[in-house]
Amino acid sequence: MLLNTTIKTFYVKSIFGRKSRMTWRSSTLVKLTLILLWTVSLYGTYFYAAEKSMLKEETPVQRYVNEPKKVNGIHYDRFMPLIFVGGMPRSGTTLMRTMLDAHPQVRCGQETRVIPRVLGLRASWFKSSKERVRLKEAGVTEDVINEAITQFILEVIVKHGKPAPYLCNKDPFTLKSIEYLFKIFPNCRFIFMIRDGRATTHSIITRKVTISGFNVESYRDVITKWSNAMDTMYQQCIRVGDSVCMMVRYENLVLHPMQETKRIMKFLDISWDESMLNHEKHMLNISLSSVERSTDQVRKPLYLDALTSWFGKIPLDVQRDLARIAPMLDKLGYDPRNMRPSYGTPDEFVLNKTRLSNNENALQENFGA
């Protein structure tokens, strides 16, 4: 009897002990499972937050400079109506920007020099397929580059001169990048200055204007490269359309300044102002650079001498080959066979300015003598 009782007690203890052990194991398994789920949820939360953070960081790159900035009370961003004045050097770009600078609502300022160089650098990167791959592998995507260039150009244009409701840039060769600039500044406008290539060439050579890649001692070399450069800008101007890019003839601007400036301001959607006809009277409010070749000329009133100063100066061998080496002459409406063209009759306003200027010069010479 005692033995049976002992066996039963042992059996019961064994059962309860086994059940107890089984309960402990189950509890441990549940705890481990919960810890595992908690750990997985932590990692999931981390990677989700990291991905959202990356997306937020990429958004400004794709939007470019959409957030407006402010300097001297003027808000600016990539959607502002920037004005780009360009063309071949010695084609009237400085005269054009000075006339715009005389307008009370516009500020252009001196050539920055850096904007066309940055645009050229970007173009060189994307010409090379190897360089494109290297940049992409480095995370320097086209969006990243566009964002950087957009901000760079904006900062330079806005901060290199006085604030104004309308801002413009005059770097002649900037217009080699018309299509790209229109992409990053969708509300900008371009004024493409055009001048008889023979007059431009003569001016470059006589005034010793240094242009990279141009032999400024050779009429043949300069007018050939003038034609190539003008073709590049002309084709892009045509492609973006006449609502975005306006071609302005230097000859018309000099001969008919009122008509031309009114046409230009209508294109820019800015009210015309008479001060544009008398830019020389507003020089105290216009920033000029002492190293730009045209500075001494734009201080004067409009004058006609530059229209014909090239007559009789083009070498005969170059004259014979003009149609072949400079096809843009004919495309732009300048007869390569006519070496003494008439560009039109000047307005009476211009003739009066010219007479007044000549009289003042004569008085100064006599007084000096």
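Residues numbered from 1 in each chain as written. Predicted model: local features only at pLDDT ≥ 70, side-chain atom pairs only at ≥ 80, totals over all residues. Heavy atoms only, no water.

(A) Main features of the sheet that holds strand 7 (residues 245-249). The strand order across the open sheet formed by five strands is 4-5-3-6-7, and the pairing between neighbours is parallel. The sheet is open, and its two edges are formed by strand 4 (106-107) and strand 7, each paired on a single side. Examined bridge by bridge, strand 3 (residues 83-87) and strand 6 (residues 189-194) share five bridges and lie parallel to one another. Paired with Gly87 across the strands is Met193, a residue of strand 6. With respect to the sheet, helix 2 (residues 93-101) is in contact with strand 3, strand 4, strand 5 (166-170) and strand 6, its orientation differing from that of strand 3 by roughly 155 degrees. Strands strand 3, strand 6 and strand 7 of the sheet are contacted by helix 10 (residues 257-268), whose axis makes an angle of about 170 degrees with strand 7. (Pairing = 2+ DSSP bridges. Helix = DSSP H or I, 4+ residues; strand = E, 2+ residues; numbered from the N terminus. Contact = heavy atoms within 4.5 Å. Axes fitted to C-alpha atoms, helices over the stretch in contact; angles between N-to-C directions.)

(B) The arrangement of the nonpolar core in detail. Leu100 and Ile191 are the most contacted members of the largest nonpolar core, which has 87 residues in total. If you tally residues by element for this core, the top one is helix 8 (residues 219-240), at 10 residues. (Core = buried A, V, L, I, M, F, W, Y, C linked by side-chain atoms within 4.5 Å. Buried < 20%, exposed > 50% of the residue type's maximum accessible area, 1.4 Å probe, protein only.)

(C) Looking closely at the confidence of the model for the protein. Looking at the protein as a whole, its pLDDT mean stands at 83, while 73% of the residues score no less than 70. Note on residues 5-22: pLDDT is under 50 here. Beyond four places in sequence and across chains, it has zero contacts. Below pLDDT 50 for its whole length, residues 53-65 participates in 19 contacts with residues either more than four positions away or in separate chains. (pLDDT = per-residue confidence, 0-100.)

(D) Molecular detail of unusual backbone geometry. Although it is not a glycine, Arg113 sits at a positive phi angle of roughly 70 degrees. Considering the arrangement of structural elements, one finds Arg113 in the loop between strand 4 and helix 3 (114-127). For Asp269, which is not a glycine, the phi torsion comes out positive at approximately 60 degrees. Tracing the sequence through the fold places Asp269 in the loop between helix 10 and helix 11 (295-298).

(E) Main features of the environment of Ile149. Considering the arrangement of structural elements, one finds Ile149 in helix 5 (residues 142-159). In this structure, the C-alpha to C-alpha distance between Ile149 and Leu119, residues 30 residues apart in sequence, is 8.0 Å. Leave out the neighbours within four places in its chain, and Ile149 touches Val118, Leu119, Arg122, Tyr180 and Ile184.

(F) Representation of the packing of helix 3 against helix 4 (residues 129-137). Look at helix 3 against helix 4: their axes get within 5 Å of each other, and the N-to-C directions meet at 100 degrees. As judged from the angle between their axes, helix 3 and helix 4 are roughly perpendicular. Counting all contacts with helix 3, which are made through Trp125, Phe126 and Lys127, the residues of helix 4 involved are Ser129, Glu131, Arg132 and Leu135. Among the residues making up the contact of helix 3 with helix 4, the classes are represented as three nonpolar, one polar and three charged. (Parallel < 35°, antiparallel > 145°, perpendicular 65-115°, else oblique. Nonpolar A, V, L, I, M, F, W, Y, C, P; charged D, E, K, R; others polar.)

(G) Looking closely at the pattern of salt bridges. Tallying each qualifying case throughout the model produces 16 salt bridges. Here Lys225 and Asp221 are joined by a salt bridge, their closest N and O atoms 3.1 Å apart. Remark: Asp221 and Lys225 occur in helix 8; sequence separation between them is four residues, near one turn of the helix. For Lys225, a relative accessible area of 28% translates into the label partly exposed. Among the ionic pairs, Asp321 bridges to Arg324, the shortest N-O distance being 3.4 Å. With Asp321 and Arg324 both in helix 13 (residues 316-325) and three residues apart, this pair spans about one turn of that helix. Look at the salt bridges and you will find they share partners, linking Arg220, Asp317, Asp321 and Arg324 into a network. (Salt bridge = Lys/Arg side-chain N within 4 Å of Asp/Glu carboxyl O.)

(H) Highlighting the state of the cysteines. Enumeration according to the criterion identifies two disulfides in this entry. A disulfide bridge connects Cys108 with Cys168, and the sulfur atoms are separated by 1.7 Å. The disulfide joining Cys108 to Cys168 has a torsion of about 120 degrees about its S-S bond and is therefore right-handed. Highlighted residues: Cys108 in the loop between strand 4 and helix 3 and Cys168 in strand 5, separated in sequence by 60 residues. Considered together, Cys108 and Cys168 belong to a single accessibility category, that of buried residues. (Disulfide = S-S within 2.5 Å.)

(I) Fine view of the pairing of strand 6. With five of its six residues buried, strand 6 lies for the most part within the structure. Pairing of strand 6 with strand 7 involves five bridges; the strand directions are parallel. Paired with Phe192 across the two strands is Met247, which belongs to strand 7.

(J) Spatial organisation of the packing of aromatic side chains. The full count for this structure, using the stated rule, is three aromatic pairs. Measuring from ring centre to ring centre gives 6.2 Å for Phe84 and Phe185, while their planes differ by 40 degrees; the resulting arrangement is tilted. Highlighted residues: Phe84 in strand 3 and Phe185 in the loop between helix 6 (178-184) and strand 6, separated in sequence by 101 residues. For Phe185, a relative accessible area of 0% gives the class buried. Note on Trp310 and Phe311: the rings are 4.8 Å apart at their centroids and 90 degrees apart in plane angle, and the pair reads as edge-to-face. As far as the burial class goes, Trp310 and Phe311 line up, both buried. Feature note: the residues Phe84, Phe185 and Phe190 constitute an aromatic cluster, connected by ring pairs. In this structure, Arg249 packs its charged tip against the face of Tyr334, placed 5.1 Å from the ring centre. (Phe/Tyr/Trp six-rings, centres within 6.5 Å; stacked < 30°, edge-to-face > 60°. Lys NZ or Arg CZ within 6 Å of the ring centre and 35° of its normal.)

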